[in-house]
Amino acid sequence: MARIKVNTSDEPIRLFESDILEFFTHVSPIAVLIIWLPVVGFFIYRGIVMNMDRLYVLPLGLLSGLFLWTLAEYLLHRFLFHFPAKTKWQERLSFLFHGIHHEQPKIKTRLVMPPAVSIPLALIFYGFYFLVFDVILNLPHWTAPIFAGFILGYVFYDMTHYATHHIPMRKGYLRMVRQQHMHHHFQTPNQRFGVTSPFWDYVFNTMPNK
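So, here is what we can say about the structure in this document. Since the structure is predicted, the reported quantities are computational estimates derived from the model, not experimental observations. (Residues numbered from 1 in each chain as written. Predicted model: local features only at pLDDT ≥ 70, side-chain atom pairs only at ≥ 80, totals over all residues. Heavy atoms only, no water.)

Moving on: the layout of surface pockets. Taken as a whole, the largest pocket spans an internal volume of roughly 540 Å³. For the largest pocket, the lining is made up of 24 residues, of which T25, L96, F97, P114 and V117 are closest to its centre. Only α3 (57-81), α4 (88-103), α5 (115-136) and α6 (143-166) provide two or more residues apiece to the lining of the largest pocket. It is α4 that contributes the most residues to the lining of the largest pocket, six residues altogether. Class assignment of the residues belonging to the lining of the largest pocket gives a composition of 16 nonpolar, six polar and two charged. One number sums up the size of the second largest pocket: a volume of about 220 Å³. Looking at the second largest pocket, the residues that line it are F81, H82, F83, E91, S94, F95, H98, G99, H102, P189 and N190. No other element matches the six residues that α4 contributes to the lining of the second largest pocket. Among the residues forming the lining of the second largest pocket, the class breakdown is four nonpolar, six polar and one charged. (1 Å grid on protein atoms, 1.4 Å probe; cavity = no way out; pocket = protein on both sides within 12 Å on 5 of 7 lines; lining within 4 Å. Points joined across faces, edges and corners; volume = space filled by probe spheres on them. Helix = DSSP H or I, 4+ residues; strand = E, 2+ residues; numbered from the N terminus. Nonpolar A, V, L, I, M, F, W, Y, C, P; charged D, E, K, R; others polar.)

This is how it looks when you write it as structure tokens:
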């Protein structure tokens, strides 16, 4: 397959006429750590307090949350960020969400999810976990550790994504995920949707045979 053409300019493409809106399209990976690691810490603390008599819930919940993040990462990347636009309005929205990154994959301030997107998504996912574990299953002690693991997975995803574009990753697992992500960008943009793991690409048959 032919390589995908990209804009190699170091000058970021402007997305909005408004300077205020444009400002919020740029974010440093440090901001992700500042915003979300305290959230992880808070929910780990809640998980400990709520499970003093069953501490096994905390590690199991964290691992479950991490695993659930890998699925969310795949589904969001495949069906939200790469949804097939059919109208001009949808094309514009798709470009704002993810197309800009494929157009300019080296712009450092557009490699992690801006808070204007990540915060609403986190609230939606927390509401989903609250509904499932607190309301439906009546297992409220699982919500906090699972959500902590889920957000930790998101932080690892954003840091990994940044690293695949700007940090040498020459050995082991990190080298593999970097190669897969570069193939996604430049050879198979409709495959290889996993960034931190190729697991779900194999499950859902979006991993090329070669």
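With that settled, consider the pattern of salt bridges. Where charged atoms from two side chains of opposite charge approach closely, those side chains can pair. Inspection of the entire model under this criterion finds three salt bridges. A salt bridge links D19 to R14; its shortest N-O distance comes to 2.5 Å. Here D19 falls in the exposed class, since its relative accessible area comes to 59%. (Salt bridge = Lys/Arg side-chain N within 4 Å of Asp/Glu carboxyl O. Buried < 20%, exposed > 50% of the residue type's maximum accessible area, 1.4 Å probe, protein only.)

Before going further, it helps to spend a moment on the packing of aromatic side chains. Evaluation of the coordinates by the stated rule reveals 23 aromatic pairs. Aromatic side chains F199 and W200 sit 4.8 Å apart centroid to centroid with 80° between the ring planes, which places their arrangement in the edge-to-face category. F199 gets classed as partly exposed once you look at its relative accessible area, which sits at 39%. A relative accessible area of 11% means that W200 is categorised as buried. (Phe/Tyr/Trp six-rings, centres within 6.5 Å; stacked < 30°, edge-to-face > 60°.)

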